[in-house]
Amino acid sequence: NKIAVFASGTGSNFDAIMEACDKGTLNADVTLLVSDKINAAVIEKAQKRNVDTVVFNPKSFENKAEFEKALLADCQARDVEWIILAGYMRLIGSTLLEAYPKRIINIHPSLLPAFPGKDAIGQAIDKKVKVTGVTVHFVDDGMDTGPIIAQEALSISEEDTKDEVRRKIQAVEHQLYPQVIQSLLIKEEAK
Ligand code: GRF
């Protein structure tokens, strides 16, 4: 079960996935970390764990198809079967979607279809929602629009600062994402 993680941020979900692999609760090999941000903290986390990293600058390619062709080659060279997005802030194009149908998944910090796109936590706080949560979904060509695989809700209150809400959300993410990935792998094996 070889997976690639695509991430552009701090990589707390990347770490949660790696820890689940170490513990054996997730039966996968993370063979590649892809990042489109040269200084993303997740890169160092991957290097520490001896995971191959591919860091690219989208601006040095003519278009999305060109850089996705290169990423596809990087994935195929490592027999990647699943692409796990964890804070990769870019829409996936047809090159990768066609190569990995129903094999690219994303995690989003809201109960989709509420609050898609950037700063979902800020959007939820602005609307004064009392319940928000985390969604794991298959990726399609839209922004956080693909079929939903799993969701977990949590309560927030007006007293919670944005940092507190983020901490609550991330605690849920770090449990939920490895579990959902594992259940997808098991379903696939049973086919
Ligand atoms: C997570 O909140 C995830 O839901 C969103 O991006 C964030 C990534 O955080 N898509 P991290 O880099 O894994 O800490």
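Residues numbered from 1 in each chain as written. Predicted model: local features only at pLDDT ≥ 70, side-chain atom pairs only at ≥ 80, totals over all residues.

- Per an unreviewed UniProt entry, the chain goes by the name Phosphoribosylglycinamide formyltransferase and belongs to Halobacillus campisalis.
- As recorded by UniProt, the Function (unreviewed entry) comment attached to the chain reads in full: "Catalyzes the transfer of a formyl group from 10-formyltetrahydrofolate to 5-phospho-ribosyl-glycinamide (GAR), producing 5-phospho-ribosyl-N-formylglycinamide (FGAR) and tetrahydrofolate." (UniProt positions renumbered as here; feature names shortened; annotations may be inferred.)

## Let's talk about the site of the ligand
Right, so step 1: G9, S12, N13, G87 and P109 are the nearest of the 14 residues found near the ligand.
Right, so step 2: Elements that contribute at least two residues to the shell around the ligand include exactly α1 (12-23) and β5 (104-108).
Right, so step 3: At 3 residues, α1 tops the list of elements feeding residues into the shell around the ligand.
Right, so step 4: Considered class by class, the residues forming the shell around the ligand number 6 nonpolar, 7 polar and 1 charged. (Near = placed C-beta within 6 Å. Helix = DSSP H or I, 4+ residues; strand = E, 2+ residues; numbered from the N terminus. Nonpolar A, V, L, I, M, F, W, Y, C, P; charged D, E, K, R; others polar.)

## Overview of the confidence of the model for the chain
Right, so step 1: Averaged over all residues, the pLDDT of the chain is 98; the fraction at 70 or higher stands at 100%.
Right, so step 2: Scored as a whole, the predicted complex attains pTM 0.97, and scored at its interfaces, ipTM 0.97. (pLDDT = per-residue confidence, 0-100.)

## Here's the deal with the sheet that holds strand β7 (residues 148-155)
Right, so step 1: If you walk across this open sheet you meet the 7 strands as β3-β2-β1-β4-β5-β6-β7, and the pairing is mixed. The open sheet is flanked by β3 (53-55) and β7, the only strands paired with a single partner. Along the sheet, successive strands turn relative to each other by an average axial angle of 15 degrees, direction set aside.
Right, so step 2: In this structure, strand β1 (residues 2-6) lies alongside strand β2 (residues 29-35), joined through 5 bridges in parallel fashion. Among the inter-strand pairings, K2 is bridged to a residue of β2, identified as D29. (Pairing = 2+ DSSP bridges. Axes fitted to C-alpha atoms, helices over the stretch in contact; angles between N-to-C directions.)

## So, the UniProt feature "binding site: N(1)-(5-phospho-beta-D-ribosyl)glycinamide" (unreviewed entry) in the chain
Right, so step 1: UniProt records the feature "binding site: N(1)-(5-phospho-beta-D-ribosyl)glycinamide" (unreviewed entry) at G11, S12 and N13, using the numbering of this structure.
Right, so step 2: Take S12: it is sitting in helix α1.
Right, so step 3: Setting aside residues up to four positions removed in sequence, S12 forms contacts with Q170 and H174.
Right, so step 4: In this fold, N13 is placed in helix α1.
Right, so step 5: Classification of N13 by C-beta neighbours within 10 Å gives buried; the count is 23.
Right, so step 6: If we ignore the near neighbours within four places in the chain, the residues touching N13 are A86, G87, I107, E173, H174 and Y177. (Contact = placed C-beta atoms within 7 Å. Buried ≥ 20, exposed ≤ 12 C-beta atoms within 10 Å, placed from the backbone.)

## A short note on the UniProt feature "binding site: (6R)-10-formyltetrahydrofolate" (unreviewed entry) in the chain
Right, so step 1: In this structure's numbering, the residues bearing the UniProt feature "binding site: (6R)-10-formyltetrahydrofolate" (unreviewed entry) are K64, M89, R90, L91, I92 and N106.
Right, so step 2: Along the chain, K64 falls in helix α3 (residues 64-77).
Right, so step 3: K64 sits in the partly exposed class, given 16 other C-beta atoms within 10 Å.
Right, so step 4: Residue position: L91 is located in the loop between β4 (82-85) and α4 (94-99).
Right, so step 5: When sequence neighbours within four positions are dropped, the list of residues in contact with L91 reads D141 and M143.

## Some points on the nonpolar core
Right, so step 1: Counting residues in each nonpolar core, the largest one holds 45 residues, and the members touching the most others are A4, V5, I17, I83 and I84.
Right, so step 2: Beyond its immediate stretch of four places on either side in the chain, I83 contacts A4, F6, C75, L96, Y100, R103 and I104. (Core = buried A, V, L, I, M, F, W, Y, C linked by C-beta atoms within 7 Å.)

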